[in-house]
Amino acid sequence: MADEHHQEGRKSPPAWETLTFSLTETDFMYQSCGEAESEPVWDGGKMVPFSDITVSPAAAFMSYGIGIFEGLKAQRVAGDRILLFRPDGNAQRFRKSAERLLMEPFPADQFVGAVRQVVRSNLRFVPPAQYGSFYVRPLEHAVEPKLGLGSCTRFLVTIFGSPVGNYFRGGAQQGVRLKVLEQGRTAPGGTGAAKTMGNYAGAIYVANRWKKEGFDDVLYLDSRHVKYLTETSGSNAFVRLRTGALVTPPLDDQILPGITRDSTIRIARDLLGIDVQERALSIDEVIAEGVEMFCTGTAWTLLSVREIVYRDRKIVLKAQDARQEILEILRSIQLGERDDPFGWIVEV
Ligand code: COI
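Quick notes on the rules
- Residues numbered from 1 in each chain as written.
- Predicted model: local features only at pLDDT ≥ 70, side-chain atom pairs only at ≥ 80, totals over all residues.
- Heavy atoms only, no water.
- Helix = DSSP H or I, 4+ residues; strand = E, 2+ residues; numbered from the N terminus.
- Rg over C-alpha atoms; globule rule 2.2 N^0.38 Å.
- Buried < 20%, exposed > 50% of the residue type's maximum accessible area, 1.4 Å probe, protein only.
- Contact = heavy atoms within 4.5 Å.
- Areas by Shrake-Rupley, 256 points an atom, 1.4 Å probe, with all protein chains shown as cover.
- Lys, Arg positive; Asp, Glu negative; His and termini not counted.
- Charge placed at Lys NZ, Arg CZ, Asp CG, Glu CD.
- Phe/Tyr/Trp six-rings, centres within 6.5 Å; stacked < 30°, edge-to-face > 60°.
- Lys NZ or Arg CZ within 6 Å of the ring centre and 35° of its normal.
- Expected span 1.5 Å × (residues − 1).
- Near = heavy atom within 4 Å.
- Polar contact = N/O pair within 3.5 Å; in protein donor to acceptor, adjacent residues only side chain to side chain.
- Nonpolar A, V, L, I, M, F, W, Y, C, P; charged D, E, K, R; others polar.
- Domains from an automatic or database assignment.
- 1 Å grid on protein atoms, 1.4 Å probe; cavity = no way out; pocket = protein on both sides within 12 Å on 5 of 7 lines; lining within 4 Å.
- Points joined across faces, edges and corners; volume = space filled by probe spheres on them.
- Buried area = accessible area lost by both parts, 1.4 Å probe.
- Salt bridge = Lys/Arg side-chain N within 4 Å of Asp/Glu carboxyl O.

**Here's the deal with the overall build of the protein**
At step 1: Counting its regular elements, the protein contains 7 helices and 18 strands.
At step 2: Taking 2.2 N^0.38 as the reference for a compact globule, 348 residues should give roughly 20 Å; the C-alpha atoms of the protein span a radius of gyration of 20 Å, in line with that estimate.
At step 3: Overall, the C-alpha framework of the protein stretches about 55 × 50 × 40 Å when taken along its three principal axes.
At step 4: Every one of the 348 residues in the protein was classed for burial, and the buried ones make up 53%.
At step 5: A fraction of 71% describes how many contacts in the protein between residues 6 or more apart in sequence connect residues 24 or more apart.
At step 6: As displayed, the protein has an accessible area near 15900 Å², and 49% of this comes from carbon and sulfur atoms.
At step 7: Taken together, the 41 basic and 44 acidic charged side chains of the protein have centroids lying 4 Å from each other.

**Points about the packing of aromatic side chains**
At step 1: Tallying each qualifying case throughout the model produces 13 aromatic pairs.
At step 2: Geometrically, the ring pair formed by Phe50 and Phe160 is edge-to-face, given 5.9 Å between the ring centres and 75° between the ring planes. Placement of Phe50 in the loop between β4 (46-49) and α1 (60-64) and of Phe160 in strand β9 (residues 154-164) is noted, with a sequence separation of 110 residues between them. An identical accessibility class is assigned to Phe50 and Phe160; each is buried.
At step 3: Plain terms: the ring middles of Trp210 and Phe215 are 6.0 Å apart, the flat faces sit at 75° to each other, and that makes the pair edge-to-face. The exposure classification of Trp210 matches that of Phe215, with both residues buried.
At step 4: One aromatic cluster is present, formed by Phe21, Tyr135, Tyr167, Phe168 and Trp300 through successive ring pairs.
At step 5: The ring of Trp210 carries Arg209 above its face, with NZ or CZ at 4.0 Å from the centroid.

**What about helix α2 (residues 87-100)?**
At step 1: End to end, α2 covers 20 Å across 14 residues, agreeing with the expected 20 Å (1.5 Å per residue, within 8%).
At step 2: Within α2 the residues assigned to the buried category are Pro87, Gly89, Asn90, Ala91, Arg93, Phe94, Ser97 and Ala98.
At step 3: Following α2 by one or two positions, Leu102 has its phi on the positive side, about 55°.

**Describing the site of the ligand**
At step 1: The immediate surroundings of the ligand are formed by Phe69, Gly71, Tyr135, Arg137, Tyr167, Lys195, Gly234, Thr298 and Ala299.
At step 2: Separating an oxygen atom of the ligand from a backbone N or O atom of Ala299 is a distance of 2.8 Å.
At step 3: In the complex, the protein chains occlude 89% of the 280 Å² of accessible area that the ligand would expose alone.
At step 4: For the shell around the ligand, a count of residues per class yields 4 nonpolar, 3 polar and 2 charged.
At step 5: Domain assignment of the residues forming the shell around the ligand places at least three in each of domain 1 (2-164) and domain 2 (170-334).

**Observations regarding unusual backbone geometry**
Excluding glycine, most residues fall at negative phi; most peptide bonds, likewise, are trans.
At step 1: Cis geometry is adopted by the peptide bond preceding Pro40, which originates at Glu39 and carries an omega value of 0°.
At step 2: Looking at the secondary structure, you find Pro40 in the loop between β3 (28-35) and β4.
At step 3: Residue Leu102 is not a glycine yet carries a positive backbone phi of 55°.
At step 4: Exposure remark for Leu102: the relative accessible area of 58% places this residue in the exposed category.

**Examining the layout of surface pockets**
At step 1: Here the largest pocket is characterised by a volume of approximately 840 Å³.
At step 2: Mapped onto the lining of the largest pocket, the elements with two or more residues apiece are β8 (133-142), β9, α4 (197-211), α5 (259-271) and β15 (290-297).
At step 3: Top contributing element to the lining of the largest pocket by residue count: α4, with 8 residues.
At step 4: By residue class, the composition of the lining of the largest pocket is 18 nonpolar, 13 polar and 7 charged.

**Things to note about the domain arrangement of the protein**
At step 1: The domain boundaries assigned to the protein delineate domain 1 (2-164) and domain 2 (170-334).
At step 2: Centre-to-centre, using C-alpha coordinates, domain 1 lies 26 Å away from domain 2.
At step 3: Taken together, the contact between domain 1 and domain 2 spans 25 residues of the former and 21 residues of the latter.
At step 4: Note on domain 1 versus domain 2: buried area summed over both sides is about 1800 Å², and carbon and sulfur give 61% of it.
At step 5: Considering only the surface of domain 1 that becomes buried against domain 2, Phe69, Phe85 and Arg93 emerge as the three largest contributors, covering 35% of it.
At step 6: Summed over the shared surface of domain 1 and domain 2, the number is 1 salt bridge.
At step 7: The residue Arg86 makes a salt bridge to Asp262 at a minimum N-O spacing of 2.9 Å.
At step 8: There are 11 residue pairs in polar contact (both at pLDDT 80 or more) connecting domain 1 and domain 2.
At step 9: Elements that contribute at least two residues to the side of domain 1 that touches domain 2 include exactly β5 (67-69), β6 (72-77), β7 (81-85), α2 and β8.
At step 10: Looking at the side of domain 1 that touches domain 2, the element that brings in the most residues is α2, giving 5 residues.
At step 11: Broken down by class, the residue content of the side of domain 1 that touches domain 2 amounts to 12 nonpolar, 8 polar and 5 charged.

Structure representation (structure tokens):
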């Protein structure tokens, strides 16, 4: 069947200026099989054409959501070099997420090597810097056919990528409107610190409900006290207070240890001398003391929050200075335009 994305049997990159955060199928993906009872657990992995994958309908992840994912970006920069940002951070988090779902953790060096291969074998899909980046999506699933709920022994790691542009379109890209929800994103003691399929699956319904009322996304309070800020559907939150302090919720069972979150903290603290506080931040304190708010994530980067609505109260946050200063430094490190004092960049 004719397919507009295929030319002479090859897929074509999209027009760069039309990039959004959406999937373009590329040429190749990576796959590795893991068997808990083998030594080593993981095979050497291989690059294969990007294609559908075949699993048993009884594969454990199909019923029970025993699956995790990652997201990281490769950036084409001056001199046609391609740089990855902190792939070792994603590799370590991928291992921790796997452990939380009782899956075999994938070796970190194999992860970074595979990500590089995925970028290298899809070079023509890596956009020029001014248009966007190449988003790499690693996955691990429990694939063994299994009916009962219990630990699994067979796993599949798949890594594919896609050229992407901004996450939000139009005005939202300059600042989002968030509905503050009196509910948690994940349960106390649950999977909130891991990047599991289920955390995101459950969030779609909730965000959709509020998108219909003109919000771009939601901001969850914590599920123990229903009082402290946690995350949006897919990003960490920062608030700058009147005092100048930049506050973000501390890592616990309801907060994903974001790579962009950590990079923001280190740039703000070590390079800009900002008083960064990782501590519980109540919605009441945000209302009384907050002057600026932004969210961080690989897909979202650093995105301003221009307004939050809590109960029937609208809180407008006009300032954007801290976010701008931090983002400028982050971008110039990612583009190889300034020193990389933290050793974050890995050349592909
Ligand atoms: C990312 O920021 O890379 C994520 O995985 C979040 C997702 C909702 C796009």
